[in-house]
Amino acid sequence: MGLGSLFKRNKNKKEEETADCHIDINTQDCDGCEKCVIACQNNVLMMADEVSSVWNAQACKSCKVCMAICPNDCITVN
Ligand code: SF4
Ligand code: SF4
C-alpha cells in the first residue's frame, strides 16, 4: 500500500460544516429580557422592537445556549 492513500480523505468536509442552522423565536412569548442576545457568543441575535430576532443566522454554531438560557422557552435551534 502506498503512502499517498493516507492523504486522500475528507476533501469535501468543509462545505458540510458551514451548513446553516435554523433558529425559531416565538416572539409572542418573548418578554425582551435580552438574555439570549447577551449569551450568544457569535452575535447571531439582536433586539428589534423589544423582542429578540435573528440577525446573522450564518454565524450560528448550533450551541443552543440561547435556547437553554431563555426563561420563557421562546427559542428553538435545529
Ligand atoms: S445556538 Fe448558540 S450560536 Fe446559535 S444563536 Fe443560539 S447561542 Fe448563538
Ligand atoms: S431570552 Fe427569551 S424572553 Fe429573553 S429576549 Fe431572548 S427570546 Fe426573549
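Please refer to the structure higher up on the page.
All figures in this text were calculated on a predicted structure; none of them were measured in a lab.

J.: How would you explain the site of ligand 2 if you had to name every residue and give the values?
T.: Residues in close proximity to ligand 2 total 13 residues, the closest being C30, C33, E34, C36 and C70. Partitioning the shell around ligand 2 into residue classes produces seven nonpolar, three polar and three charged.

J.: If you had to explain the site of ligand 1 to someone new, which residues and values would you point to?
T.: Taken together, the neighbourhood of ligand 1 is formed by C40, N42, V44, C60, K61, S62, C63, K64, V65, C66 and V77. Of the residues assigned to the shell around ligand 1, the class counts are seven nonpolar, two polar and two charged.

J.: I'd like a description of the nonpolar core, backed by residues and values.
T.: Counting residues in each nonpolar core, the largest one holds 17 residues, and the members touching the most others are I23, V44, L45 and I75. Counting residues per element, the ones that place at least two in this core are β1 (23-25), α2 (35-39) and β4 (75-77). Non-local contacts of V44, meaning those with residues more than four positions away in its chain, are made with I23, S53, V54, W55, N56, A57, A59 and C60.

J.: Tell me about the environment of K35, and please be specific about residues and values.
T.: Looking at the element boundaries, K35 is found in helix α2. For the pair K35 and C66, spaced 31 residues apart in the sequence, the C-alpha separation amounts to 7.7 Å.

J.: Outline the pairing of strand β3 (residues 51-54), listing residues and values.
T.: With four bridges connecting them, strand β2 (residues 45-48) and β3 associate as antiparallel partners. Within β3, the position partnered with M47 by the bridge is S52. Hairpin connection, β2 to β3: the antiparallel pair is bridged by two residues, and D49 has positive phi, about 55°.

J.: So what's going on with unusual backbone geometry? Which residues, and what values?
T.: Positive phi, close to 55°, is recorded for D49, a residue that is not glycine. Tracing the backbone shows D49 in the loop between β2 and β3.

J.: Tell me about the environment of N26, and please be specific about residues and values.
T.: Inspection of the secondary structure assignment puts N26 in the loop between β1 and α2. Spatially, the C-alpha atom of N26 lies 6.4 Å from that of I75, the residues being 49 residues apart in sequence. Here Q28 takes part through its backbone nitrogen, which lies 3.1 Å from a polar atom of the side chain of N26.

Reading the values: rules and limits
Residues numbered from 1 in each chain as written. Chains lettered and ligands numbered in written order. Predicted model: local features only at pLDDT ≥ 70, side-chain atom pairs only at ≥ 80, totals over all residues. Heavy atoms only, no water. Near = heavy atom within 4 Å. Nonpolar A, V, L, I, M, F, W, Y, C, P; charged D, E, K, R; others polar. Core = buried A, V, L, I, M, F, W, Y, C linked by side-chain atoms within 4.5 Å. Buried < 20%, exposed > 50% of the residue type's maximum accessible area, 1.4 Å probe, protein only. Helix = DSSP H or I, 4+ residues; strand = E, 2+ residues; numbered from the N terminus. Contact = heavy atoms within 4.5 Å. Pairing = 2+ DSSP bridges. Polar contact = N/O pair within 3.5 Å; in protein donor to acceptor, adjacent residues only side chain to side chain.

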